[in-house]
Every structure is written in structure tokens, then in C-alpha cells.
Amino acid sequence: MSYVLLTGGAGYIGSHTALALLNAGEKVISFDNYHNSSSESLKRVQQLSGHSLIDIQGDILDSQALAQVFEQYPIKAVIHFAGLKAVGESTAKPLWYYENNVAGTVNLCKLMSKYGVKKLVFSSSATVYGAAEQMPIHESSPRSATNPYGQSKLMIEHILADLHNAEPDWRIAVLRYFNPVGADSSGLIGENPNGIPNNLMPFITQVAVGKRDKLDVFGSDYPTHDGTGVRDFIHVSDLASGHLAALGYLDKAPGIDYFNLGSGQGYSVLDVIKSFSQVNQLDIPYALVKRRPGDVAQCYADPAKATELLQWKTEKTLEDMVRDSWNWQKNNPNGYN
Ligand code: NAD
Ligand code: WQD
């Protein structure tokens, strides 16, 4: 039986997808340099599933190390999570982001081509829609980027389209995630940000656990139902199952295709705070402050294409997301450390 190779498999989304794959009876290899993770997440994935996986520490920029994996194991598909993802950091260190994300993907695809493994699921992002004007966002909406991180995702999307043009036997699913939050309901695996979190949910959980005094709500004068930013939050376990659906789809469908993975429902920052407080019976002190540069008022998906073609849709509610985020944080106040 052949393996599904996950680059970046020890990370937040990769570890939840590894769990879903193992639970579905797949064999899994993770290839991760642990820049933003550790093997502890994968130890817990194995504990939770009762199945083992192959955990390799390596960098996708290291062609030799990566080639060794293709030499050693039969691989039927790759899910490519490995990447740097902090928007602010990408503006400060653009070359690092382009090298790691873009050159790393080129490296991976060259080896996949060489070894005849031409089935790829790629972690793209709603960031490729830039400041979209029409809501909900359909896959055909215009693409643009407002920072080097977003540019790197957009460049990779172009590279994959060109690759498929040149070698039509590739099967590629480009998954554009909206705002992943939550954690496996066991509370054993979850998001483990380094330093001060940039994203809303880990910031809220760190306020709840007493690591931060209060949450700054960036902007209360947006043209939304309560003035705060609206996003399409998606539970990471739903997102994980979206990858299994994409792999199944690629078995039937040749070509390259693009899918929004979101719920289709927008919630505001205040909606999330209220839900978190109610469900977990915790007060979240917050202050309304000015907008964060680069933020858009609202961003939510039209997920109809994924529903139709991948036969996938989100199952979890906002209440599930805030409960599971807190369950992970309270059981692991210092993440995996
Ligand atoms: P993460 O940082 O938790 O996981 C990424 C993993 O890739 C980490 O374990 C990291 O150590 C590894 N990695 C990075 N560079 C590598 C390299 N050169 N070689 C080997 N491994 C490397 O992030 P995540 O939230 O799990 O995101 C996974 C993917 O999904 C990323 O590509 C990210 O851009 C994309 N994405 C994430 C979000 C989000 O909000 N979390 C939204 C949209 C898209
Ligand atoms: C959500 C809302 C903030 C923190 C980012 C990336 C995007 C994708 C997902 C990778 C906004 C508000 C946040 C805080 C706040 N990642 N907020 N106080 O910006 O929608 O998307 O992560 O691809 O590319 O840009 O997510 O969680 O940072 O913000 O008020 O301390 O919460 O202003 O309205 P965002 P987020």
C-alpha cells in the first residue's frame, strides 16, 4: 500500500489532516523541518488514532533529503502544507518567504515529476482574493495580493497552472482556506503559535488562559452588522476532512481545480468573543482600537463548488470552534512545549 506524503505535516492543519487520514486507514509520511512545529504533535496524532506514521525531519528546500523520501517509499499523492504563513513577517522578510514558499514548492514539484507522483493537494488561502469587493467570494473572483505572503500563494497558484499546462497528466487540487480555527475535540492537538499570536482565536484563548491582559479589537467602524471585521471561520477538523475529499476527487478527476474551503457564513470579531464567553463561561476583556492596516471589512466564501464536486461541507458550528479552541488551550497552556 502506498503513502500520502504531507509536507509540513507536524503543523496545525497538517497534524489534524494526518489524524483524519490515519483514521480513514491511509498510510502517512510527514516531512517537516519543525520550523514552526515539533514532533510532539505527531506523537499525539499516533496516540489518538492508534496508528503509526512515518515522521521525517527535513526541509523541502533540501532536494537530496526530499528525493530520498521518494526513493525509499511508494507515494501516491502529496498534500503540500509546508510554508511560512505570517503576513507581517513576510513584509519584513520577503526573500525568505519567496524562497521557502515558492522555491520550496518548485523543488517539491520537480521531484514529484521526476518520480512520477503527479497528484497534489496544495494549501492555498483566501488571501489570494486580496480585498475582494463581491461577497460571498466565488472561485472565479479576481485574484490579487497585498503582501509577500499572499504573493507567494498567488505565484504558486500560477506555477501549478503552468505545470499542469505543460504536463497534463498532473492532478492538482488548490484549496483556498478561509479562517481555520479550533482543535481536535480531544484537546490533544491544536494550534501552537510562537510568540504573540497574530490571529484572532489564539489571541482570545491566550487572554482566557491569563497570558494576555486583553484583546485589542482592530476596527469598530467597518460597514458590517456590528462594525467589527467579519470572517469565515472554519473548524480545523472540517478543513482536514476537506483534504480527504480533495484526494478522493483527484482519483476521479484529472486536471487542476480550485476550491474554497469555508462555511459560507461570516461572523464578526464581536460575535466570536460573545460566543467564546457564553460557551466557555469566561469573560474576555477587550478594547475597541483602530483598524489593523491591510485588513478587509469582510471575507467569506461561496463554498458551493466544494459541496458539489468534493461532496464536502462544514459540519461544525461556531460553538464547536470556540469550545474546542478553549479545550486545547486550557489543557495545554504552553502548547506542545
Ligand atoms: P503551520 O506553521 O502550523 O504549519 C506549516 C508547517 O510547515 C510547519 O510545521 C513548519 O515547520 C513546516 N515548514 C515550513 N517551511 C518548511 C520547509 N521549508 N520544509 C519543511 N517544512 C516546513 O501552519 P498551518 O496553519 O498548519 O498552515 C499550513 C498551510 O496552510 C501553510 O501553507 C499556510 O500558508 C496555509 N494556510 C494557513 C492558514 C491559517 O490561517 N492557518 C490559512 C490559509 C492557508
Ligand atoms: C480575523 C479578524 C482582525 C487579531 C489571516 C491571514 C490570511 C489567512 C488567515 C493564511 C480581523 C481581527 C485579529 C486581534 C482582532 N492566513 N483581530 N484582534 O486577518 O482574516 O487572516 O489569517 O493564509 O491570509 O491574513 O485573520 O485571525 O488575523 O483576523 O480584532 O488581535 O480578527 O482585525 O478582522 P485574517 P485574523
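Above: the structure in question.
Everything quoted here is computed from the prediction, not taken from an experiment.

Caption draft 1: Just the layout of surface pockets, in detail. Of the volumes computed, that of the second largest pocket is approximately 230 Å³. Around the second largest pocket, the lining is made up of 20 residues, and of these Glu191, Asn192, Pro193, Gln206 and Gln329 lie nearest the centre. Of all the elements, helix 7 (residues 200-208) adds the most residues to the lining of the second largest pocket, at 4 residues. A breakdown of the residues in the lining of the second largest pocket according to their chemical character gives 6 nonpolar, 12 polar and 2 charged.

Caption draft 2: Local environment of helix 6 (residues 148-166). Between its first and last C-alpha, helix 6 extends 26 Å over 19 residues, near the 27 Å set by a 1.5 Å rise per residue. The complete set of buried residues in helix 6 reads Pro148, Tyr149, Gly150, Ser152, Lys153, Leu154, Ile156, Glu157, Leu160, Leu163 and His164. Next to the buried residues of helix 6 lie helix 4 (87-92), helix 5 (94-114), strand 5 (119-125), strand 6 (171-177) and strand 11 (255-261). Sitting at the head of helix 6, Asn147 places a side-chain oxygen 3.1 Å from the backbone nitrogen of Tyr149.

Caption draft 3: Quick look at the site of ligand 2. Within the structure, ligand 2 sits among 18 residues, and Ser125, Tyr149, Asp216, Arg231 and Asp295 are positioned closest to it. Between an oxygen atom of ligand 2 and a side-chain N or O atom of Tyr149, the distance comes to 2.6 Å. Between ligand 2 and the protein, one listed contact pairs an oxygen atom with a side-chain N or O atom of Arg292 at 2.8 Å. Taken by itself ligand 2 offers 690 Å² of open surface, and the protein chains cover 87% of this. Elements that contribute at least two residues to the shell around ligand 2 include exactly helix 7 and strand 8 (215-218). In terms of residue class, the shell around ligand 2 is made up of 8 nonpolar, 6 polar and 4 charged.

Caption draft 4: Quick peek at the pairing of strand 8. Burial along strand 8 is one-sided: the face carrying Leu215 and Val217 is buried and the face carrying Asp216 and Phe218 is not. Direction of pairing for strand 8 relative to strand 13 (residues 286-289): parallel, over a ladder of 4 bridges. Its bridge partner lying in strand 13, Asp216 is registered against Ala287.

Rules used throughout
- Residues numbered from 1 in each chain as written.
- Chains lettered and ligands numbered in written order.
- Predicted model: local features only at pLDDT ≥ 70, side-chain atom pairs only at ≥ 80, totals over all residues.
- Heavy atoms only, no water.
- 1 Å grid on protein atoms, 1.4 Å probe; cavity = no way out; pocket = protein on both sides within 12 Å on 5 of 7 lines; lining within 4 Å.
- Points joined across faces, edges and corners; volume = space filled by probe spheres on them.
- Helix = DSSP H or I, 4+ residues; strand = E, 2+ residues; numbered from the N terminus.
- Nonpolar A, V, L, I, M, F, W, Y, C, P; charged D, E, K, R; others polar.
- Expected span 1.5 Å × (residues − 1).
- Buried < 20%, exposed > 50% of the residue type's maximum accessible area, 1.4 Å probe, protein only.
- Contact = heavy atoms within 4.5 Å.
- Polar contact = N/O pair within 3.5 Å; in protein donor to acceptor, adjacent residues only side chain to side chain.
- Near = heavy atom within 4 Å.
- Areas by Shrake-Rupley, 256 points an atom, 1.4 Å probe, with all protein chains shown as cover.
- Pairing = 2+ DSSP bridges.

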